Structure formats: C-alpha cells, structure tokens
Amino acid sequence: MRVEIHSSWEKVLQPLFETASFENLAQFLKKEYAENECYPPGKLIFEAFNTCPLEQLKVVIIGQDPYHGPGQAHGLSFSVPEGVSLPPSLINIFKEIENDLGIPIPTSGNLTSWANQGVFLLNATLSVRAHQAGSHQKQGWEAFTDQVIQIISAQKVGVVFMLWGGFAKKKAQLIEASKHLILSSEHPSPLSANRGYWFGNKHFSQCNAYLKTRGAKAIDWRLEK
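Residues numbered from 1 in each chain as written. Predicted model: local features only at pLDDT ≥ 70, side-chain atom pairs only at ≥ 80, totals over all residues. Heavy atoms only, no water.

*Asks:* Run through the overall build of the protein, naming residues and quoting values.
*Replies:* A tally of helices and strands in the protein yields 9 helices and 6 strands. In summary, the protein has a C-alpha radius of gyration of 17 Å against a globular reference of 17 Å for 225 residues, a match within 12%. With the C-alpha coordinates aligned to their principal axes, the bounding extent of the protein is approximately 45 × 35 × 30 Å. Relative to its 225 residues, the protein shows a buried fraction of 52%. Considering only contacts within the protein whose residues lie at least 6 apart along the sequence, 66% involve residues at least 24 apart. (Helix = DSSP H or I, 4+ residues; strand = E, 2+ residues; numbered from the N terminus. Rg over C-alpha atoms; globule rule 2.2 N^0.38 Å. Buried < 20%, exposed > 50% of the residue type's maximum accessible area, 1.4 Å probe, protein only. Contact = heavy atoms within 4.5 Å.)

Below, the structure written as structure tokens:
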C-alpha cells in the first residue's frame, strides 16, 4: 500500500508499511471505506503525521478512537474542524487548560495549531465506521501505532507523553521513561473526569516547564490569539 505521509515519517515507517500485517489492514480499510461511511476521510487518516513532522515533535497526546459522528474526525486526536461543536472530552481539556494556565475556553476545537508546534495528536486506531465506536479496533492499527510510539521513544529525547485514561496509560511500557517525561491522569471524558484525577492534573504547565528546562520552546496552548 502506498501511503501519502510526511517524508520525515516515511523514512522510519516504510518498513512497517511493507509488512503483511499492514497490507492486511490496508485491504480491510479499502473494503470498509468502499462499503461504509468511515471517518476521517481517507486523505486525512495520517493527518497527525503530516501536521507534526518527526523532527519537530515535542509532545505526544494519545487518544483511542476517532470521533464517529459526521464531520467531527479530521485525523488529529481530540480535535474537531472549525465550526463543529466541542465534544465533551475536548471541553474538559479546555477547562483544565483554563484552570492551569488561565487561558479562556475557545470556541474552536481545531487543534491544528498545537500540531504545528510539535504536538503529535495520535489516536491508537486511526479510522472508524460512522456511529460505531471501536469498529476498526483489532484490525492492525494498534500494532502499528504502538510501533510508532516505540520509534518516537527510541529516536527522540525529551518528549512529553500525555497518557489520559487506562487505555493510554498502558502505552507507558512502550516508552523509555529515563529519556522522556510521562504525564498520566484520568481521561477527560465527563464520566472519568468527574470521578477521578483529571481536573487539577496541570499537565499543560508541567509540559511547558519540562520543555523549558531542555531549552525547547514552550507550547502555546491558546487557539484564539
């Protein structure tokens, strides 16, 4: 399968694209997208990679599944395009940023400006069938994205990994903790956030403090200037 992806990623991921596992995944996706409504649009499946080149990557935020409602998913975890209503998890992310950094909650949920600063917004599964959460899980995406996380860990130093919720926390075993900063908390979804440790985790200020200690530019978490 020929994948259109930023050259910095193509160099390190090409061996994965040539495996039988990925070819099976590609055939599954070809059939799914032909026979069903699936998200994000095919051309945006690898948008996280294309908006955040490997050499610029400073932060990784791991989601589980793309949004499965019409017009929501555009290839970046937790993000929605301009003009789309803010999903509950994203509202809670913005509430924590407001609590942590005093940045008002924006009207836009498009996180592309974060990606352009080096925030890699990776879903563990990069596609989904409309209105069916988890419908593309266990088809090969998880093995692929786990390898992506391992490659980032191995090839980079000083990356901030934000692991939100039980699913993401399991990814810690793929990361060399001695080389990177791992920040873990409950998931920002309303059910998890309201009963556990999401609000007050101060991940966004901790991230920037760590980047500064390494001489890297802090992330501007504002979406509206």
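*Asks:* I'd like to hear about the pattern of salt bridges, residue by residue, with values.
*Replies:* Under the counting rule described, the total for this entry stands at 6 salt bridges. Across the pair Lys179 and Glu176 runs a salt bridge, and its minimum N-O distance is 3.8 Å. Since its relative accessible area comes to 37%, Glu176 is described here as partly exposed. Here Arg222 makes a salt bridge to Asp220, at a shortest N to O gap of 2.9 Å. In this structure Arg222 comes out as partly exposed when scored by relative accessible area, which is 38%. (Salt bridge = Lys/Arg side-chain N within 4 Å of Asp/Glu carboxyl O.)

*Asks:* Residue-level account of the sheet that holds strand β5 (residues 160-164), with values.
*Replies:* Spatial ordering of the open sheet is given by β3-β2-β5-β6, a layout of 4 strands whose pairing is parallel. Both edges of this open sheet fall to β3 (119-123) and β6 (181-185), since each of them pairs with a single strand only. Averaged over neighbouring strand pairs, the angle between their axes works out to 20° when direction is ignored. The pairing of strand β2 (residues 59-63) with β3 spans 5 bridges and is classified as parallel. In the strand pairing of β3, Val59 is matched with Val119. (Pairing = 2+ DSSP bridges. Axes fitted to C-alpha atoms, helices over the stretch in contact; angles between N-to-C directions.)

*Asks:* Please provide a residue-by-residue account of the layout of surface pockets, values included.
*Replies:* The probe, sized like a water molecule, is rolled over the atoms to show the empty space still left. Looking at the largest pocket, its volume works out to about 420 Å³. For the largest pocket, the lining is made up of 21 residues, of which Gln64, Asp65, Tyr67, Phe78 and His187 are closest to its centre. Counting residues per element, the ones that place at least two in the lining of the largest pocket are β2 and α7 (165-169). Ranked by the residues each element gives to the lining of the largest pocket, the list is headed by α7, at 4 residues. Class assignment for the residues of the lining of the largest pocket results in 8 nonpolar, 12 polar and 1 charged. (1 Å grid on protein atoms, 1.4 Å probe; cavity = no way out; pocket = protein on both sides within 12 Å on 5 of 7 lines; lining within 4 Å. Points joined across faces, edges and corners; volume = space filled by probe spheres on them. Nonpolar A, V, L, I, M, F, W, Y, C, P; charged D, E, K, R; others polar.)

*Asks:* Could you give an account of the environment of Val157, naming the residues involved and the relevant values?
*Replies:* Tracing the backbone shows Val157 in the loop between α6 (141-155) and β5. Separated by 97 residues in the primary sequence, Val157 and Val60 place their C-alpha atoms 13 Å from one another. Aside from chain neighbours lying at most four places away, what touches Val157 is Lys179, His180 and Arg214.

*Asks:* So what about the packing of helix α1 (residues 7-17) against α6? Which residues, and what values?
*Replies:* Two numbers describe a pair of packed helices, the interaxial angle and the distance between the axes. Here α1 crosses α6 at 140°, and the two axes come no closer than 11 Å. It follows that α1 is oblique to α6 by the angle criterion. In this structure, the crossing between α1 and α6 has a hand that is right-handed. Contact residues: Trp9, Val12, Leu13, Leu16 and Phe17 in α1; Phe144, Gln147, Val148, Ile151, Ile152 and Gln155 in α6. Of the residues belonging to the contact of α1 with α6, the class tally is 9 nonpolar, 2 polar and no charged. (Parallel < 35°, antiparallel > 145°, perpendicular 65-115°, else oblique. Left-handed = near helix turned anticlockwise from the far one by under 90°.)

*Asks:* A description of the pairing of β3 should follow, citing residues and the corresponding values.
*Replies:* Buried residues dominate β3, accounting for 5 of its 5 residues. Here β3 shows two buried faces, one formed by Val119, Leu121 and Asn123 and the other by Phe120 and Leu122.

*Asks:* Before we move on, can you summarise the nonpolar core with the specific residues and values?
*Replies:* In terms of nonpolar packing, the biggest core is built from 64 residues, with Trp9, Leu13, Phe46, Phe49, Trp114, Phe120 and Phe144 touching the most fellow members. With 6 residues, α6 is the largest single contributor of residues to this core. Ignoring anything within four residues of it in the chain, the contact list for Phe144 reads Leu13, Leu16, Phe17, Phe22, Phe46, Phe49 and Leu126. (Core = buried A, V, L, I, M, F, W, Y, C linked by side-chain atoms within 4.5 Å.)

*Asks:* Describe empty space enclosed by the protein, with residues and values.
*Replies:* Under the counting rule described, the total for this entry stands at 1 cavity of 30 Å³ or more. Its boundaries defined by the atoms lining it, the largest cavity holds a volume of some 70 Å³. In terms of lining residues, the largest cavity is bounded by Pro40, Ile45, Pro66, Tyr67, Ala73, His74, Gly75, Leu76, Ser79, Asn123, Thr125 and Leu126. In the lining of the largest cavity, the residues fall into 7 nonpolar, 5 polar and no charged.

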